[in-house]
Amino acid sequence: MAGRVEGKVAFITGAARGQGRSHALRLAEEGADIIAVDICENISTVTPFYDLASEEDLQETAALVEKLDRRIITRVADVRDRDALQKALDAGTAEFGGVDIVVANAGIASYGRSWELTREQWDDMIAVNLTGVYNTAVAAIPTMIDAGRGGSIMFTSSIGGLKGIQQVGDYVAAKHGIVGLMRTMANELGPYSIRVNTIHPTNVDTTMIQNPGTYGMFAPDDPEPTQDKAMAGFMSLNTLPIPWVDPSDISNAVLFLASDEARYVTGVTLPVDAGAYVK
C-alpha cells in the first residue's frame, strides 16, 4: 500500500546518516516531505569511539530524498540548542505548511562502567539523548497544536530504555528518561489527537555500534577488539539468531507509527529488538 503518509511533513533529527537517513527515505517513499536536521560535527566525548556525521552526509540524504520526488529542507543544528532547532523547524513549516510527524532520532553513544564515566561523558549524553529529544518535541508541539490536525511524535529509545545494559549507564539512563517523557506527553497531547510513542531497537547496523568502543564492550580484555571478536556478544543479546537489525527495520516501525494505521496507538514502548527484551 503506497502513500501511507502522503501529503504529510516529517521533522527528523540525526538525519544525515544511519537510522535518521533511513527514516527520511522510508517516509519520503510513502509520500512525506522532510525537514532534516543534524549536528554535522563531532562531540569530543564520542570521537574516541566513532565520528559523527558531516554536512556532506546530510546533503547526500537530501539528494536521496529528492530522487524519490519529495521535497526536503536540511539544516545544521545541534539538538542541545533549542533555538537552533526552532529555527530549523520554522524554516521547514514555512516552506511546507506545517509538520505532522516528529522523529526525535538524534543520539550518541560512549562507553565505560557507570562510576568511571567522566563528568563530560555524562553531561553530553543527557544533553543529547534526553534534553535533545525534549527540545525536538518542544520545537514542534505548538505548531502541531495550532494546526489542529493531530500528528505523531516518536522518540528513538533503545532496548536500553527498558532494561539495564552494562558499560553504557549514561545511555541507559537517558533512554529510560525519554520513556517517562513520552508517557507524560502522550497524556498531555492526547486531547489534541497528537500521539506520542517510543521505539526500542536492539543493536542496529550503523556506525553507532560498528566501532571499537562497542566491540570492546563484548571483548573487554582485548587491546584490539574487532567485530569478529565481538560477534558472540552481539549474538547473545537477541533471542532471534542475529547480531543486529537493519536501519530499515526501525524505519518500518516509524512508518507504521506515523501512518493512520496507528491512529489509536499512543503511549506505547514498541520494541524492534529481535527478542532482546524478553531474553
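For the structure itself, look to the data block above.
Below you will find a few notes about this structure. All values reported here derive from a predicted model rather than from experimental measurement.

Considering helix 4 (residues 119–147)
- Here helix 4 contains 29 residues, and its C-alpha end-to-end distance of 41 Å stays within 8% of the 42 Å for a straight helix at 1.5 Å per residue.
- At Thr131, helix 4 is bent by approximately 35°, the largest bend along its length.
- Positive backbone phi, at 70°, marks Gly148, one or two positions downstream of helix 4.

Things to note about the packing of aromatic side chains
- Evaluation of the coordinates by the stated rule reveals four aromatic pairs.
- When the ring of Tyr215 is compared with that of Phe234, the centres are 6.3 Å apart and the planes differ by 85°; the resulting orientation is edge-to-face. Note that Tyr215 is positioned in helix 6 (residues 212–218) and Phe234 in helix 7 (residues 227–237), a separation of 19 residues in sequence. Side by side, Tyr215 and Phe234 carry an identical accessibility label, which is buried.
- With a centroid separation of 5.2 Å and an interplanar angle of 85°, the aromatic rings of Phe234 and Trp244 are classed as edge-to-face. You can see Phe234 sitting in helix 7 and its partner Trp244 sitting in the loop between helix 7 and helix 8 (247–258), a full ten residues away along the chain. Across this residue pair, the class does not change: Phe234 and Trp244 are buried.
- Each residue in the set Tyr215, Phe218, Phe234 and Trp244 is aromatic and connected to the rest through ring pairs, giving one cluster.

Notes on the nonpolar core
- Membership of the largest hydrophobic core comes to 46 residues, with the highest contact counts inside it found for Phe11, Ile108, Ile153, Phe155, Met185 and Val196.
- Put simply, the parts of the chain that give this core at least two residues each are strand 1 (9–13), strand 2 (33–38), helix 3 (82–96), strand 4 (101–104), helix 4, strand 5 (151–156), helix 5 (169–189) and strand 6 (194–201).
- Looking at which element gives the most residues to this core, the answer is helix 5, with ten residues.
- Residues contacting Ile153, with those up to four places away along its chain left out, are Val102, Ile141, Met144, Leu189, Ile194, Arg195, Val196 and Asn197.
- By size, the runner-up hydrophobic cluster in this structure holds 32 residues, among which are Ala24, Ala32, Val245 and Val254.

A closer look at the environment of Val99
- Relative to the assigned elements, Val99 resides in the loop between helix 3 and strand 4.
- Along the primary structure Val99 and Gly151 are separated by 52 residues, whereas in three dimensions their C-alpha atoms are 8.0 Å apart.
- Those residues in contact with Val99 that lie beyond four places of it in its chain are Val9, Phe11, Leu89, Thr93, Ala140, Thr143, Met144 and Arg149.

Reading guide: rules and limits
- Residues numbered from 1 in each chain as written.
- Predicted model: local features only at pLDDT ≥ 70, side-chain atom pairs only at ≥ 80, totals over all residues.
- Heavy atoms only, no water.
- Helix = DSSP H or I, 4+ residues; strand = E, 2+ residues; numbered from the N terminus.
- Expected span 1.5 Å × (residues − 1).
- Bend = angle between axes of the 7 residues up to and from the residue.
- Phe/Tyr/Trp six-rings, centres within 6.5 Å; stacked < 30°, edge-to-face > 60°.
- Buried < 20%, exposed > 50% of the residue type's maximum accessible area, 1.4 Å probe, protein only.
- Core = buried A, V, L, I, M, F, W, Y, C linked by side-chain atoms within 4.5 Å.
- Contact = heavy atoms within 4.5 Å.

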